[in-house]
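Analysis of the macromolecular model
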Amino acid sequence: MLIDPCFIGYAPTDQWEAAEWFRLANQLVNRGITHILMAPNHPLDAQFPVQMDEWVLTLQTLLDRRGIPLRVYGSQLIPSEYSHFAYDAQHLLFADLNQRYVLVSMAESMDFEAIHPTLFALLKQDIRPVLVQPERAGTIDSTILTTLLEQGCYVLVSSQSVMGLNGPDAKKWAWQALAQGQVHLIGTVSENGDVDHFPDALAVIRQRLGRNYHDDLLLNAKALLNGDPLITQFQLTSARWRWPFSKR
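Residues numbered from 1 in each chain as written. Predicted model: local features only at pLDDT ≥ 70, side-chain atom pairs only at ≥ 80, totals over all residues. Heavy atoms only, no water.

1. Quick look at the sheet that holds strand E6 (residues 128–132)
The test is simple: When DSSP finds two or more bridges between two strands, those strands count as paired. Under the DSSP-based scheme used, a helix requires at least four consecutive residues in state H or I and a strand at least two consecutive residues in state E, with every element numbered from the N terminus. In this analysis, axes come from line fits to C-alpha atoms, helices being fitted only over the stretch in contact, and the angle between any two N-to-C directions falls in the range 0 to 180 degrees. Here, two residues are considered to be in contact whenever any of their heavy atoms come within 4.5 Å of each other.
Spatial strand order, E4-E5-E6-E7-E8: five strands in an open sheet with parallel pairing. Two strands lie at the open edges of the sheet, namely strand E4 (77–79) and strand E8 (185–187), each paired on one side alone. For this sheet, the mean inter-axis angle between neighbouring strands, taken without regard to orientation, is 35 degrees. Two strands pair when backbone bridges link them, and E6 and strand E7 (residues 154–158) are joined in this way by three bridges, in the parallel orientation. Within the sheet, the bridge partner assigned to leucine 131 lies in E7 and is valine 155. Across the sheet, helix H3 (residues 112–124) touches strand E5 (101–105) and E6, and the angle it forms with E6 is around 140 degrees.

2. Some points on the environment of lysine 222
Heads up, the rule is: Relative accessibility thresholds used throughout: buried, under 20% of the residue-type maximum; exposed, over 50%; partly exposed, between the two (1.4 Å probe, protein chains only).
Relative to the assigned elements, lysine 222 resides in helix H8 (residues 211–226). A residue is classified by how much of its surface remains accessible, and lysine 222, at 41% relative accessible area, is partly exposed. When sequence neighbours within four positions are dropped, the list of residues in contact with lysine 222 reads Met1 and Ile3.

3. A few points about the packing of aromatic side chains
Test applied: Stacked, tilted and edge-to-face are the three classes assigned to paired rings of Phe, Tyr and Trp, where Trp is represented by its six-membered ring and a pair needs centres within 6.5 Å; plane angles under 30 degrees give stacked, over 60 edge-to-face, the rest tilted.
The full count for this structure, using the stated rule, is two aromatic pairs. Note on tyrosine 101 and tyrosine 154: the rings are 5.8 Å apart at their centroids and 75 degrees apart in plane angle, and the pair reads as edge-to-face. Residue tyrosine 101 is found in strand E5, and its partner tyrosine 154 is found in strand E7; the two are separated by 53 residues along the sequence. Seen in terms of ring centroids, tyrosine 213 and phenylalanine 234 are 4.7 Å apart; in terms of plane orientation they differ by 45 degrees. Their pairing is tilted. With tyrosine 213 in helix H8 and phenylalanine 234 in the segment after H8, this pair connects stretches of sequence that are 21 residues apart.

4. Some details on the side chain of aspartate 216
Filter applied, for reference: When charges are counted, Lys and Arg contribute as positive and Asp and Glu as negative, whereas His and the chain ends are disregarded. One speaks of a salt bridge when a side-chain nitrogen belonging to Lys or Arg is within 4 Å of a carboxyl oxygen belonging to Asp or Glu.
Residue position: aspartate 216 is located in helix H8. In this structure, aspartate 216 is buried with no salt-bridge partner, the nearest side chain bearing the opposite charge being arginine 211 at 9.9 Å. If we ignore the near neighbours within four places in the chain, the residues touching aspartate 216 are Ile231, Gln233 and Phe234.

Below is the structure:
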């Protein structure tokens, strides 16, 4: 079982063709992916959770009819600029049926001071934010990240960043957080089916930081879907990276 815990894919309002969906699904399967959490970027909308449930059912039915061995689950990647979303929790589309986790996109130009009260408000409601691609925010240093983790947030780094496809800064941030055991999930965060880097990123993590950490990342993806507690204490084989923000 190989789960992609953050595949952006399609939103219910997107224009799409069944042939394109089959091509994309086969590409995922060919890279060993068996389950995806489809989480399109979408602001809060009272109708979106219902639309997404129907949409996922439509996509899964098409796959089943073709015999394509891929399971699809629906969620939502909430743009970080929607700083009021904690107060509209009834409109959130959670990552799991237990309504424990929400995926929050950390935009490249994110104002941390603006979003932090929202994250705290979610935590007070026992809703756990999964911060998606914080390596691309450019405003989260080691002190801020440690604070967020201590408060109960989790981190999902994209496999593209691990492999250096999002630029050197994102790659450096990702690997330094990985080396500190501060990354809980790896996902493609892919819109167009570019998933070739996903198993490669996991393989490199296993090579550099050990099988235990690699396996725990895979277990966390399953726990996210099930609404179970995520592993937060990791056993790493090696840690040779330092934060660029730390003083020597």
